[in-house]
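# Breakdown of the fold
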Amino acid sequence: MELTGAQILIKMLKEEGVKNIFGYPGGVVIDIYDELMKSDIRHILVRHEQGAVHAADGYARATGGVGVCLVTSGPGATNTVTGIASAYMDSIPVVVFTGQVPVHLIGNDAFQEVDIVGITRPCTKHNFLVKSTEELAHTIKEAFHIARSGRPGPVLVDIPKNVSTARIKYKAPGPVKMRTYNPTYKPNKRQLQKVVDLIKVAEKPVIFAGGGVILSKAASALTKLAQRARIPVTTTLMGLGAFPGTDPLWLGMIGMHGTYRSNMSTAHCDLFLAIGVRFDDRVTGKTDTFASQAQIVHIDIDPTSIRKNIPVAVPVVGDCKCTLEELNEMLESVDLGDLDNRRKPWLDQIQAWKSTNPLAYHQEETIKPQYVVEKLYELTKGEAIITTEVGQNQMWAAQYYHFDKPNHFITSGGLGVMGFGLPAAIGAQIACPDRLVVDIAGDGSIQMNIQEMATAVQCNLPVKVVILNNGYLGMVRQWQQLFYDKRYCCTCMEHAPDFVKLAEAYGATGLRARKPEEVEEVLKKGLSTPGPVIMDFVVEKEECVYPMVPAGAPITEMLLV
Amino acid sequence: MLDADKHVLSILVENQPGVLSRISGLFSGRGFNIESLCVAVTTDPTVSRVTLVTKADQTIVEQIKKQLNKLINVIKVHELTGSEFVEREMVLIKVLAKPEYRAEILRMVDIFRCKVVDVGAEHYTIEVTGDEGKLQAILSLLKPIGIKEIARTGVIALFREPK
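Residues numbered from 1 in each chain as written. Chains lettered and ligands numbered in written order. Predicted model: local features only at pLDDT ≥ 70, side-chain atom pairs only at ≥ 80, totals over all residues. Heavy atoms only, no water.

When the parts come together, some accessible area is lost, and that loss is often what is quoted as the size of the interface. Taken together, the contact pairs 16 residues of chain A with 15 residues of chain B. Of the roughly 1,400 Å² buried at the junction of chain A and chain B (both faces included), carbon and sulfur atoms supply 48%. In this structure, A:Arg179 and B:Glu14 form a salt bridge, with 3.7 Å as the shortest nitrogen-oxygen distance. The tally of links between chain A and chain B comes to nine residue pairs in polar contact (both at pLDDT 80 or more). In the side of chain A that touches chain B, the residues fall into five nonpolar, four polar and seven charged. (Contact = heavy atoms within 4.5 Å. Buried area = accessible area lost by both parts, 1.4 Å probe. Salt bridge = Lys/Arg side-chain N within 4 Å of Asp/Glu carboxyl O. Polar contact = N/O pair within 3.5 Å; in protein donor to acceptor, adjacent residues only side chain to side chain. Nonpolar A, V, L, I, M, F, W, Y, C, P; charged D, E, K, R; others polar.)

Below, the structure written as structure tokens:
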């Protein structure tokens, strides 16, 4: 069978089960688009290539599968970099296909030529420049394999124009065999036995779960462990939803904007079970004092995460799901004693921390942003897929929307990309057409990829955007208020568009609330209106996110409301 | 012997374009240090050996080894420690060879068992192979005579086999 490179690409995508591609055409990928049109793969035309990658990222997170992008060379490729870097930091499986100038022109500074493989080397899990059509099929297969296995991540495949146009005798690639890449899924039994022994004697244990639990689909195994051994659970931002946010053992999020009880539990626990996390600085604060009274167990599929930032007593390299399932099995035959009595002092202490310093805000005459998120939680019964932008909106979403299930909270955690939420919501909505998808945004960050409203309208995607509009780049303003003597330099967004009119200009619906009593009505109306909706909530201008741990301080040194 | 904080890593990698860039990018991007770096193909034409010397404390070296292993094109990372390996480096030294110094230079070449590989009107180019200590010794002895320039290969090393 003779096939062109473009035909091979589409064939391989179908073999990988790809149903949706987010992309933007250009000169060197016309041949690929020409073939794509003939296939039944849906192409979602974004308005900026950054949006394509965030959308693929949101799609991957909502489905637990791989997101796919297709863009052209040069600026098309460079526009994907922020999206790729975000997916890399959050370990999201995305495969990005970039067009490239023909092989004979590479290095000639040709029109729309850029060394995208060189540019993305440090922010992809791996990347490829395909130099001949013969290599294309197995390279694509390897790309998907690398993206989704082990610790997932973005993979970029750069395809020169002549590689997609050349016609070759197609030979189906065999199974992927890589001598250099073989992630460890199965944990070491002896290490696990040490974990069991520590659980047996721990009086004040805490589970600390991260995005790895969601990525490896280990949420139910984690819940089982927590409930079996009666261990309270905190998570990272990326781990929200890995454990039910309404469970009595739930501590709330950890870290800079974590709950008081979560940070205090971490500081006072005697066993700290870290699962699928990487001890980011926003989590640990000052590392010397972090969980300093605890034996730390660290379970992660990526050996580089272990002992990178925090010394660990028991390292376990393995997939979270495999490891937790095996751990649960081992615990079945272990006598943990009368857990009701054993855990009482510890859980009482946690309850006391919760009562003295709960998450709180004071509703006054202006709308409090927290109130909007709380109302949204109530009205959606906690069942919406929430995406966020970055900054205060993201933290309030994390604090006041409670996630009971994984894959419901989609946020740019590691890289912190403003402009992430709307395209990610589009991706999630494509993945889950029947679900309610809400982007919780700020007036600053929504403007970073607002052009994707056109994508939502064109594809008739009913994404809802909740703008917490305070007229500031709120998180930076908060730092300026707290640590820079209120010198609000360049954080006031004096000229914002009228978001209601803007929504209408895109062909969407725009709504606005100015007073607390209008919040519920606008939310109800917005959520029940078909098609994309922007809801603009004019909120308290100088509200801060609390608790807050100043950067680099121990996480017990919290500024409280 | 190496300094306590100096580590020799022997890295087998796929012999492909861009692999060296992944390794050097890893070091620069994460703030690790490269003292020397040597790359050449092995007897298997699809595999190259990178011998890399870095200065770091033990926890950082552990992290370096893990990060190298994580690179998709890296096949194997070994740390060569203690006396379990042989280490060699070559240096070419262009030394000022005025008539009054020539005899002394040649005597030193003889003592250090190295050789003169090029003779100019006023210069000798000397090839020296050895461990770091030997190279340092001859360099400091030749310095007062006048070294014009040097080129060093960086360290290469292999495990010793059992006796």
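Before going further, it helps to spend a moment on the sheet that holds strand 18 (residues 464-469) of chain A. All names here are of chain A. Pairing in this open sheet of six strands is parallel, and the strands run 16-15-17-18-20-19 from one edge to the other. Of all strands in the sheet, those with a lone pairing partner are strand 16 (409-410) and strand 19 (509-513), marking the two edges. Where strand 15 (residues 385-388) lies against strand 16, two bridges are found, and the strand directions are parallel. Residue pairing for strand 16: isoleucine 386 is matched across the bridge by phenylalanine 409. Lying on the sheet, helix 18 (residues 421-431) is in contact with strand 15, strand 16, strand 17 (437-442) and strand 18; it crosses strand 17 at an angle near 175 degrees. (Pairing = 2+ DSSP bridges. Helix = DSSP H or I, 4+ residues; strand = E, 2+ residues; numbered from the N terminus. Axes fitted to C-alpha atoms, helices over the stretch in contact; angles between N-to-C directions.)

In this description, a pair of aromatic rings is defined by centroid distance and the angle of the planes. Residues and elements named next belong to chain A. Applying the stated criterion across every chain, the model contains 15 aromatic pairs over all chains. Taken together, a centroid distance of 5.6 Å and an interplanar angle of 75 degrees make the contact between tyrosine 472 and tyrosine 488 edge-to-face. Taken as a pair, tyrosine 472 in the loop between strand 18 and helix 20 (474-483) and tyrosine 488 in the loop between helix 20 and helix 21 (499-505) lie far apart in primary sequence, 16 residues in all. Under the relative-accessibility criterion, tyrosine 472 is labelled buried at 11%. Judged by centre distance (5.8 Å) and plane angle (80 degrees), the ring pair of tryptophan 479 and phenylalanine 483 falls under edge-to-face. Placement of the pair is tryptophan 479 and phenylalanine 483 together in helix 20, with a separation of four residues, close to one helical turn. The positively charged end of arginine 477 is found above the aromatic ring belonging to tyrosine 472, 5.6 Å away from the centroid. (Phe/Tyr/Trp six-rings, centres within 6.5 Å; stacked < 30°, edge-to-face > 60°. Buried < 20%, exposed > 50% of the residue type's maximum accessible area, 1.4 Å probe, protein only. Lys NZ or Arg CZ within 6 Å of the ring centre and 35° of its normal.)

Phi is mostly negative for residues that are not glycine, and the peptide bonds are mostly trans. Here the bond from A:Tyr546 into A:Pro547 is cis, since omega is -5 degrees, no more than 30 degrees from zero. Mapping A:Pro547 onto the fold places it in the segment after strand 20 (533-538). The residue A:Arg230 is not glycine, and still its phi comes out positive at about 50 degrees. Summarising the element assignment, A:Arg230 is placed in the loop between helix 11 (219-229) and strand 10 (233-235). The backbone phi angle of B:Arg113 is positive, close to 50 degrees, even though this residue is not glycine. Take B:Arg113: it is sitting in the loop between helix 3 (99-111) and strand 6 (115-119). Residue classification places B:Arg113 among the exposed positions, given a relative accessible area of 77%.

Further remarks concern the environment of B:Gln67. Its place among the elements puts B:Gln67 in helix 2 (residues 58-70). The sequence separation of B:Gln67 and B:Lys6 amounts to 61 residues, and the corresponding C-alpha distance is 18 Å. Contacts of B:Gln67, omitting those with residues within four sequence positions, involve A:Thr304, B:Leu26, B:Arg30 and B:Phe32. Polar side-chain contacts of B:Gln67 include one of 2.8 Å to the side chain of B:Gln63.

The next subject is the pattern of salt bridges. All names here are of chain A. For the coordinates displayed, the defined rule picks out 34 salt bridges over all chains. Of the charged contacts, one joins lysine 186 and glutamate 326 as a salt bridge, the two residues approaching to 3.4 Å between their closest N and O atoms. Taken together, the residues lysine 186 in the loop between strand 8 (167-169) and helix 9 (189-201) and glutamate 326 in helix 14 (residues 320-332) connect sequence positions 140 residues apart. A relative accessible area of 58% means that lysine 186 is categorised as exposed. Across the pair lysine 344 and aspartate 348 runs a salt bridge, and its minimum N-O distance is 2.8 Å. Taken together, the residues span about one helical turn, with lysine 344 and aspartate 348 both in helix 15 (residues 339-356) at a distance of four residues. The exposure class of lysine 344 is partly exposed, given its relative accessible area of 46%. Residues joined in a network through salt bridges with shared partners are Lys375, Glu378, Glu520 and Lys524.

Let us now look at the domain arrangement of chain A. All names here are of chain A. In terms of domains, chain A is made up of domain 1 (2-169), domain 2 (189-356) and domain 3 (369-538). With centres defined by C-alpha atoms, the gap from domain 2 to domain 3 works out at 31 Å. At the interface, 15 residues of domain 2 touch 18 residues of domain 3. Here domain 2 and domain 3 share an interface that buries about 1,300 Å² over both sides, 65% of which is from carbon and sulfur atoms. (Domains from an automatic or database assignment.)

All names here are of chain A. Where helix 1 (residues 5-15) contacts helix 2 (residues 30-38), the two axes come as close as 8 Å, and the packing angle between them is 50 degrees. Taken together, the axis directions place helix 1 and helix 2 in an arrangement best described as oblique. As for the relative orientation of helix 1 and helix 2, their crossing is right-handed in sense. Side by side, helix 1 and helix 2 meet where Ala6, Gln7, Leu9 and Ile10 of the first sit next to Asp31, Ile32, Glu35 and Leu36 of the second. A class-by-class count of the residues in the contact of helix 1 with helix 2 yields five nonpolar, one polar and two charged. (Parallel < 35°, antiparallel > 145°, perpendicular 65-115°, else oblique. Left-handed = near helix turned anticlockwise from the far one by under 90°.)

It is worth spelling out the domain arrangement of chain B at this point. Residue and element names in this part refer to chain B. Per the domain assignment, the segments making up chain B are domain 1 (6-80) and domain 2 (87-159). For domain 1 and domain 2, the distance between their C-alpha centroids amounts to 29 Å. At the junction of the two partners, domain 1 supplies 11 residues and domain 2 supplies eight residues. Summing both partners gives a buried area of about 710 Å² for domain 1 against domain 2, and 67% of it is carried by carbon and sulfur. The largest per-residue losses of area from domain 1 upon contact with domain 2 belong to Cys38, Thr51 and Leu80, which jointly make up 49% of the total buried on that side. At the junction of domain 1 with domain 2, the criterion picks out one salt bridge. For lysine 6, the salt bridge identified is with glutamate 132, shortest N-O distance 3.0 Å. Linking domain 1 with domain 2 are two residue pairs in polar contact (both at pLDDT 80 or more), by the criterion used here. Secondary structure elements with two or more residues in the side of domain 1 that touches domain 2: strand 1 (6-14), strand 2 (36-41), strand 3 (47-55) and strand 4 (74-80). Residue composition of the side of domain 1 that touches domain 2, grouped by class: five nonpolar, three polar and three charged.

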